[in-house]
Amino acid sequence: RIGQGDHIDQVYCIPSHILGFSTDFTGILLFGACLPKRVICVRIDTFQSVHSQRSSMLSSDLNPPLRLLGAFSVAYPDYTPDKFVHVPSRSMWAAINPEETRGFTLHVPDLDARTTFSLRSAKFKKTVLNRPLPKWARYPAGVLRDLCSTDLALDNMGLVIVGDETQGIRYEYALGIITAAALHIMHNQPYDDDMLNDIVEKVRRDYIDG
């Protein structure tokens with residue numbers, strides 16, 4: 001709870017339905033803009049204690065970071081995440097929207113970037129608009145292409161991704177890892193770090209460097 005006179009360094013707005021409980025608080029600041037939607041506002045330093053009581057409404061064993069929930073709300077204001085993905089070895093998180101209809105869409109707020117490709121366009125390293133894939137999206141596109149042969153691919157899915165990896169090659173590689181994990185989760189298939197690394201290494205050899 002934020003009391004009168006409390007010092008607030010940064011404020012996020014999360015739609016109350018995402019957190020699983022209602023509130024009458026209807027308009028606060030998010031990065032300087034007033035949002036006309038029902039929200040729950042928590043300080044960064046108090047979110048974990050508040051959210052830990054609600055985590056069962058989001059996932060049985062995951063506690064996604066606040067900035068992932070905020071990014072998903074911005075990308076898909078009319079939807080709630082279907083599933084969350086976490087790859088601890090890579091410090092990456094993702095929220096899945098299976099209702100995406102434009103293709104396989106990646107939202108990566110860390111890079112201030114978004115792109116959409118399909119199974120077909122990924123084979124040619126193109127977006128759905130027939131433009132060259134952004135460099136950062138090549139690993140996810142390669143993963144989608146390769147997993148098509150194992151029936152783990154999906155042509156329509158939205159993926160909002162945040163992470164703490166160093167931006168550059170390591171971050172791009174980690175995008176492939178989290179994409180592979182998300183596709184396994186959507187098909188209710190188990191995976192481990194070694195399996196994900198094997199998939200992305202094959203993408204690096206055959207798709208990125210090939």
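Values in this document were obtained by computation on a predicted structure and should not be read as measured data.

Calculation notes
- Every chain's residues receive numbers from 1 upward, in the order its sequence appears when written.
- Only residues with pLDDT of at least 70 get local features here, since the model is predicted, and only at 80 or more are side-chain atom pairs given and counted; chain-wide, interface and lining totals rely on the full set of residues.
- Calculated side-chain values reflect all of the structure's heavy atoms, with hydrogen atoms and water omitted.
- Relative accessibility thresholds used throughout: buried, under 20% of the residue-type maximum; exposed, over 50%; partly exposed, between the two (1.4 Å probe, protein chains only).
- In this description a helix means any DSSP run of H or I spanning at least four residues, a strand means any run of E spanning at least two, and both kinds are numbered starting from the N terminus.
- The rule for pairing is simple: two strands pair if DSSP sees at least two bridges between them.
- Here the nonpolar core consists of buried residues drawn from Ala, Val, Leu, Ile, Met, Phe, Trp, Tyr and Cys, with membership extended through side-chain atoms lying within 4.5 Å.
- The axes are straight lines fitted to the C-alpha atoms, using for helices just the contacting stretch, and the angles between their N-to-C directions are given from 0 to 180°.

As a general feature of sheets, a regular strand has side chains that alternate between the two faces. Among the six residues that make up strand β6 (residues 92-97), six are buried, leaving the element largely enclosed by the rest of the structure. Alignment of strand β5 (residues 83-87) against β6, held across five bridges, turns out to be antiparallel. The partner of Lys 83 across the bridge, within β6, is Ile 96. Sheet analysis places β6 next to strand β9 (residues 157-163), joined by six bridges and oriented antiparallel.

Once that is clear, we can look at the nonpolar core. Membership of the largest hydrophobic core comes to 41 residues, with the highest contact counts inside it found for Val 85, Phe 117, Val 143, Met 157, Leu 159 and Ile 161. If you list the elements that add at least two residues to this core, you get β5, β6, β7 (104-108), α5 (138-147), β9, α6 (169-186) and α7 (193-208). Counting residues per element, this core draws most heavily on α6, which supplies twelve residues. Listed in part, the ten residues of the second largest apolar core include Leu 69, Ala 71, Phe 72 and Val 160.

Turning our attention to the sheet that holds β6. Taken together, five strands build an open sheet; the order of strands is β5-β6-β9-β7-β8 and the sheet is mixed. With one partner strand each, in any of the chains shown, β5 and β8 (113-117) form the two edges of the open sheet. Pairs of neighbouring strands in the sheet enclose a mean axial angle of 20°, with direction left out of account. Summarising the sheet, β7 and β8 pair through five bridges and their orientation is antiparallel. The residue of β8 that forms the bridge with His 107 is Arg 114.

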